[in-house]
Amino acid sequence: MATILVVDDELGIRDLLSEILNDEGHTVELAENAAQARAVRSQLRPDLVLLDIWMPDTDGVTLLKEWASTGMLSMPVIMMSGHATIDTAVEATRIGATAFLEKPITLQKLLKAVDQGLNKVPPKPGNSNAAAMPPIRVGSVMAHSELTVESVMTGGMLQEPMLDLGPQSSQSFNLEGPLREARDEFEKAYFEYHLAKESGSMTRVAEKTGLERTHLYRKLKQLGVDLARSKRNAI
């Protein structure tokens, strides 16, 4: 498993990401600002960094640039923010960031981004394809304005529309088996339905089902819910 540094000034986000990544088997180091992140980075080389953009002392893009200029950007860095612009995403990509997670962060996107980040070499600063992407045409209209921040950070390409029917609200269950098996089958279908309905947002599913987020996550793992599965495409 990997050593992951989480840099975010919000205690709730640090705790939640730490809980999830620890449950996945990773070792997690925490920093609430750029100063603490520098200290951790000087002591060890994490396999991956989750870096918030907006922080009170030094913003994440500035810290990313600092690491790049001093030869310390030797690990994949995933940027995080709830208010980033496409210009900010392009700048971070030019410097060497490998991906971007938009807050609130869904569990599926977190696990997918971490898995991809740990399995690829971080781009060299200044050589990102996303930073130098050509305008994308949709019909006869230039589509820069239609790009999302996440699409810029993942290569600047508009994704094809997807139709995901997801779990249905009405399902049938085998009532001939033991009560525990029937209950687990129902609970798994119940949570899969609400995860699909809420686009994978753990926060909204926790509010909907009345469970605390950490307890919900452990419950999903216990039931064998595949949190990182890809969306199904309908042809």
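Numbers given for residues are sequential positions, taken from 1 along each chain in its written order. Reporting in this predicted model follows two pLDDT cut-offs: at least 70 for local features of residues, and 80 or more for side-chain atom pairs to be given and counted; totals over whole chains, interfaces and linings ignore these cut-offs and use all residues. With hydrogens and water stripped out, all remaining heavy atoms of the structure feed into the side-chain values.

Participant: Any chance you could break down the overall build of the protein for me, citing the residues and the numbers?
Facilitator: Of regular secondary structure, the protein possesses 9 helices and 7 strands. The classification of residues rests on relative accessible area computed with a 1.4 Å probe and restricted to protein chains. Under 20% of the type maximum is buried, over 50% is exposed, and intermediate values are partly exposed. Residues classed as buried in the protein amount to 44% of the 235 residues present. What makes two residues a contact is simply this: any of their non-hydrogen atoms within 4.5 Å. The contacts in the protein between residues at least 6 apart in sequence include a share of 64% that link residues at least 24 apart. Here the Shrake-Rupley method, with its probe set to 1.4 Å, supplies the accessible areas, and only the displayed protein chains count as covering residues. Carbon together with sulfur atoms contributes 50% to the accessible area of the protein, which is approximately 13100 Å² in total. Each helix is a run of DSSP H or I of at least 4 residues and each strand a run of E of at least 2, with the numbering of both proceeding from the N terminus.

Participant: How would you sum up the packing of helix H1 (residues 11–23) against helix H9 (residues 213–223)? Please name residues and give values.
Facilitator: As a rule, the C-alpha atoms of each element are fitted with a line to give its axis, helices using only the stretch in contact, and angles between N-to-C directions run from 0 to 180 degrees. Between H1 and H9, whose axes approach to 11 Å, the crossing angle comes to 20°. In terms of axis orientation, H1 runs roughly parallel to H9. Considering how the two elements wind past one another, H1 and H9 form a crossing that is right-handed. Contact with H1, carried on its side by Gly12, Leu16, Glu19, Ile20 and Asp23, involves Arg213, Thr214, Tyr217 and Arg218 of H9 and no other residues of that element. In this count, Pro and Cys sit with the nonpolar residues alongside Ala, Val, Leu, Ile, Met, Phe, Trp and Tyr, while Asp, Glu, Lys and Arg are called charged and the others, Gly among them, polar. Here the contact of H1 with H9 is composed, by residue class, of 3 nonpolar, 2 polar and 4 charged. In these notes the angle categories are as follows: under 35 degrees is roughly parallel, over 145 is roughly antiparallel, 65 to 115 is roughly perpendicular, and the rest is oblique. Should the near helix be turned counterclockwise from the far one by less than a right angle, the crossing is left-handed, whereas a clockwise turn marks it as right-handed.

Participant: Can you lay out the packing of helix H7 (residues 179–197) against H9 for me, pointing to particular residues and giving the numbers?
Facilitator: Close contact between H7 and H9 brings their axes to 10 Å; oriented N to C, the two are set at 125°. For the element pair H7 / H9, the angle class is oblique. Note that H7 runs across H9; the crossing there is left-handed. Taken together, the residues of H9 that come into contact with H7 (itself represented by Asp184, Glu187, Lys188, Phe191 and Leu195) are Leu216, Lys219, Leu220 and Leu223. When the residues that make up the contact of H7 with H9 are grouped by side-chain class, the tally is 5 nonpolar, no polar and 4 charged.

Participant: Got a sec to walk through H1? Specific residues and values, please.
Facilitator: Helices are assigned an expected span. That span is 1.5 Å times one less than the residue count. For H1, which comprises 13 residues, the first-to-last C-alpha distance of 18 Å matches the rise-based estimate of 18 Å (1.5 Å per residue) to within 8%. Ile13, Arg14, Leu16, Leu17, Ser18, Ile20 and Leu21 are the residues of H1 that are buried. Remark: Gly25 follows H1 within two positions and exhibits a positive phi of approximately 100°.

Participant: Break down the side chain of His194 for me, with residues and values.
Facilitator: Note that His194 resides in helix H7. Residue class for His194 comes out buried when judged on its relative accessible area of 7%. With residues up to four places along the chain from it excluded, the contact list for His194 reads Val205 and Lys208.

Participant: Requested: an account of the pattern of salt bridges, with residues and values cited.
Facilitator: In the sections that follow, a salt bridge refers to a side-chain nitrogen of Lys or Arg positioned within 4 Å of a carboxyl oxygen of Asp or Glu. Here the structure, examined in full by the defined rule, presents 9 salt bridges. Between Asp52 and Lys103 there is a salt bridge, with its nearest N and O atoms 3.1 Å apart. With a gap of 51 residues between them, Asp52 in strand E3 (residues 48–52) and Lys103 in the loop between strand E5 (99–102) and helix H5 (107–118) connect regions that are remote in the sequence. Taken together, the salt bridges that share partners define one network made up of Asp8, Glu10, Asp52 and Lys103.

Participant: Before we move on, can you summarise unusual backbone geometry with the specific residues and values?
Facilitator: Excluding glycine, most residues fall at negative phi; most peptide bonds, likewise, are trans. In this chain, Lys103 is followed by Pro104 through a cis amide linkage whose omega measures -5°. Relative to the assigned elements, Pro104 resides in the loop between E5 and H5.

Participant: Describe in detail the sheet that holds strand E1 (residues 3–7), supporting the description with residues and values.
Facilitator: One open sheet accounts for 5 strands, arranged E2-E1-E3-E4-E5; its pairing is parallel. Each edge of the sheet is formed by a strand with only one pairing partner; in this case those strands are strand E2 (27–31) and E5. Adjacent strand axes in the sheet meet at a mean angle of 20°, parallel and antiparallel pairs treated alike. Pairing geometry for E1 and E3, over 4 bridges, is parallel. Within E3, the position partnered with Leu5 by the bridge is Val49. Across the sheet, helix H3 (residues 60–69) touches E1, E3 and strand E4 (77–81), and the angle it forms with E3 is around 145°. Whether two strands pair comes down to DSSP finding at least two bridges between them.

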